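Chain residues, written in single-letter form:
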Amino acid sequence: MSLKYAVLAALLEGEASGYELSKVFDVSLANFWASTPQQLYRELERLARDGLIEARMVRQERRPDKRMFTLTEAGRQDLHAFAATPPRRPTAIRDELLIKIQAMDGAEPGATRALVEEREAWARGKLARYRRVRERLLAGRGEEEYLREADRVGPYLTLMGGIAFEEENVRWCERVLAVLKQRAPLG
């Protein structure tokens, strides 16, 4: 999948500037698709050139002018066609930390512990952010009520995936740290 469809999906929420889209990526799409601001702006230019989004300039008095982007009908159709197409292949894990854990035997155990502790802290931080987003989306409603009545549930369902992913990261880190602690006398 390309960044193209992540951007088009983000624009389902409505018109947004590049800056606003980068914030959307940080908060809601980062749980399944990461992008740098530079990649995002290049993709916005490509999508506008291909007629999948439209850009309009908004003049601002005390700030630089900004471009606001919206989906075109062609962009909406392309996104719907993409959503109906099965993925090419299942997701594969590509994680540098897992390679380091694979190669850890004989390495300094403290260094390995520090790497896992850092990952755990990172996962807990993301989990806290995702839970705050969840509370904002629910706005006092129960999950079942929200899922029954909300105009769009896709963002919430992907957020649930991000929460589950980070919860599993925390569980895995806790297990790895317990094993390392248990093995500490061995080496």
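Treat the numbers as computed from the prediction; the structure is a model and nothing was measured.

Participant: How would you summarise the overall build of the protein if you had to cite specific residues and measurements?
Facilitator: Helix and strand content of the protein: eight helices and three strands. Reading the protein from its N end, one meets helices and strands in the order α-β-α-α-β-β-α-α-α-α-α. The C-alpha radius of gyration of the protein comes to 21 Å, more than 25% above the 16 Å expected for a compact globule of 187 residues. For the protein, the spread of C-alpha atoms along the principal axes amounts to about 65 × 45 × 40 Å. Partitioning the intrachain contacts of the protein with sequence separation of at least 6 by distance along the chain shows that 59% fall at a separation of at least 24. Accessible surface for the protein amounts to roughly 12700 Å². Of this, 53% is attributable to carbon and sulfur atoms.

Participant: Quick rundown of the pairing of strand 3 (residues 66–71)? Include the residues and the values.
Facilitator: By the bridge criterion, two bridges tie strand 1 (residues 16–17) to strand 3 in an arrangement that is antiparallel. Bridge pairing in strand 3 places Ser17 opposite Met68. The pairing of strand 2 (residues 53–58) with strand 3 spans six bridges and is classified as antiparallel. In the strand pairing of strand 3, Val58 is matched with Lys66.

Participant: Before we move on, could you go through the pattern of salt bridges and cite the residues and values that matter?
Facilitator: One pass over the structure, following the stated rule, counts 15 salt bridges. For Arg152, the salt bridge identified is with Glu13, shortest N-O distance 1.9 Å. Of this pair, Arg152 sits in the loop between helix 7 (143–149) and helix 8 (154–183) while Glu13 is found in the loop between helix 1 (3–10) and strand 1, placing the two residues 139 residues apart along the sequence. You can call Arg152 partly exposed: its relative accessible area is 31%. Judged by its relative accessible area of 53%, Glu13 is exposed. Linking Arg124 and Glu174 is a salt bridge whose minimum nitrogen-to-oxygen distance equals 2.6 Å. You can see Arg124 sitting in helix 6 (residues 109–138) and its partner Glu174 sitting in helix 8, a full 50 residues away along the chain.

Reading the values: the criteria
- Residues numbered from 1 in each chain as written.
- Predicted model: local features only at pLDDT ≥ 70, side-chain atom pairs only at ≥ 80, totals over all residues.
- Heavy atoms only, no water.
- Helix = DSSP H or I, 4+ residues; strand = E, 2+ residues; numbered from the N terminus.
- Rg over C-alpha atoms; globule rule 2.2 N^0.38 Å.
- Contact = heavy atoms within 4.5 Å.
- Areas by Shrake-Rupley, 256 points an atom, 1.4 Å probe, with all protein chains shown as cover.
- Pairing = 2+ DSSP bridges.
- Salt bridge = Lys/Arg side-chain N within 4 Å of Asp/Glu carboxyl O.
- Buried < 20%, exposed > 50% of the residue type's maximum accessible area, 1.4 Å probe, protein only.

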